[in-house]
Amino acid sequence: MAPYLTIAGLTEALAQATAASLEPECFSALAALVRHLPSARRSTVAQQALTLLSRFVDHRLRETAVAALAPVLRPEEAVRALRTLPTGGPSDRRAVAIDALVPVLPDAVLPEALDLVLARTAMTGTLPGCPAFFPG
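Residues numbered from 1 in each chain as written. Predicted model: local features only at pLDDT ≥ 70, side-chain atom pairs only at ≥ 80, totals over all residues. Heavy atoms only, no water.

## Side note on the overall build of the protein
Then, in step 1: Looking only at helices and strands, the protein has seven helices and zero strands in total.
Then, in step 2: Ordered by position in the sequence, the α and β elements of the protein form the string α-α-α-α-α-α-α.
Then, in step 3: Looking at the 136 residues of the protein, the share that counts as buried comes to 40%.
Then, in step 4: Looking at the protein as shown, the accessible area adds up to about 7,400 Å², and 60% of this sits on carbon and sulfur atoms. (Helix = DSSP H or I, 4+ residues; strand = E, 2+ residues; numbered from the N terminus. Buried < 20%, exposed > 50% of the residue type's maximum accessible area, 1.4 Å probe, protein only. Areas by Shrake-Rupley, 256 points an atom, 1.4 Å probe, with all protein chains shown as cover.)

## Re the packing of helix H3 (residues 39-53) against helix H5 (residues 75-82)
Then, in step 1: Interhelical geometry of H3 versus H5 gives an angle of 0 degrees and a closest axis separation of 11 Å. Between H3 and H5, the angle is such that the two are roughly parallel. In this structure, H3 uses Ser 43, Ala 46, Gln 47, Leu 50 and Thr 51 to contact H5, whose residues at the interface are Glu 77, Arg 80 and Ala 81.
Then, in step 2: Across the contact of H3 with H5, the residue classes tally to three nonpolar, three polar and two charged. (Axes fitted to C-alpha atoms, helices over the stretch in contact; angles between N-to-C directions. Parallel < 35°, antiparallel > 145°, perpendicular 65-115°, else oblique. Contact = heavy atoms within 4.5 Å. Nonpolar A, V, L, I, M, F, W, Y, C, P; charged D, E, K, R; others polar.)

## Considerations on H3
Then, in step 1: With 15 residues, H3 extends 21 Å between its outermost C-alpha atoms, agreeing within 8% with the 21 Å of an ideal straight helix rising 1.5 Å per residue.
Then, in step 2: Listed in full, the buried residues belonging to H3 are Ser 43, Val 45, Ala 46, Ala 49, Leu 50, Leu 52 and Leu 53. (Expected span 1.5 Å × (residues − 1).)

## A look at the packing of H3 against helix H4 (residues 59-69)
Then, in step 1: Following both chains from N to C, one finds H3 and H4 inclined at 165 degrees, their axes separated by 10 Å at the closest point. The pairing of H3 with H4 is recorded here as roughly antiparallel in orientation. The two elements H3 and H4 cross, and the hand of that crossing is right-handed. Residues Ala 49, Leu 50 and Leu 53 of H3 form the contact with H4, whose own contacting residues are Arg 62, Ala 65, Val 66 and Leu 69.
Then, in step 2: Residue classes in the contact of H3 with H4 are distributed as six nonpolar, no polar and one charged. (Left-handed = near helix turned anticlockwise from the far one by under 90°.)

## Structural notes on the side chain of Ser 43
Then, in step 1: Relative to the helices and strands, Ser 43 resides in helix H3.
Then, in step 2: Leaving out residues up to four positions away in the same chain, Ser 43 has contacts with Arg 74 and Glu 77.

## Some points on the side chain of Glu 77
Then, in step 1: Following the sequence through the fold, Glu 77 ends up in helix H5.
Then, in step 2: Look at Glu 77: it is buried, it has no salt bridge, and the nearest opposite charge is Arg 74 at 4.3 Å.
Then, in step 3: A polar side-chain atom of Glu 77 sits 2.8 Å from the main-chain amide nitrogen of Arg 74.
Then, in step 4: Non-local contacts of Glu 77, meaning those with residues more than four positions away in its chain, are made with Ser 43, Ala 46, Gln 47, Leu 50 and Val 72. (Lys, Arg positive; Asp, Glu negative; His and termini not counted. Salt bridge = Lys/Arg side-chain N within 4 Å of Asp/Glu carboxyl O. Polar contact = N/O pair within 3.5 Å; in protein donor to acceptor, adjacent residues only side chain to side chain.)

## Examining the nonpolar core
A general trend in soluble globular proteins is that nonpolar side chains are found buried together.
Then, in step 1: Judged by nonpolar contacts, the single largest core of 34 residues is most densely connected at Phe 27, Leu 53, Leu 69, Leu 73, Leu 82, Leu 101 and Leu 105.
Then, in step 2: If you list the elements that add at least two residues to this core, you get helix H2 (26-34), H3, H4, H5, helix H6 (92-101) and helix H7 (110-124).
Then, in step 3: For this core, the element with the most residues is H3, which contributes six residues. (Core = buried A, V, L, I, M, F, W, Y, C linked by side-chain atoms within 4.5 Å.)

Structural measurements only, silent on function.
In structure tokens, the structure reads:
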């Protein structure tokens, strides 16, 4: 519905979407709305969304929200989103979130993203969806 809303309608939809406590799935809707905002408003709304997702105590919820929001982030916002992700333990959702962020991340930050993905391989010997590649 976002492509058919006026700027006033988009603004109202964003206000309604962010007024209640958010579920990670809401970030897909936020991303859809952000795509249709004027560029001057996109960054402000993306920053607000990043603030909202950083409040998720459950890392799985945060990882899901980052993956949904990633396509509408600018490089500096993608770096901020990357740095909200948990750093330890196995997580397929974290790998999915990082995969969604990679096209937007600055090249200088890609090693940091890779380190977060490889935190999984160090613990389990596998990447999400791949067979084990470390013997033993």
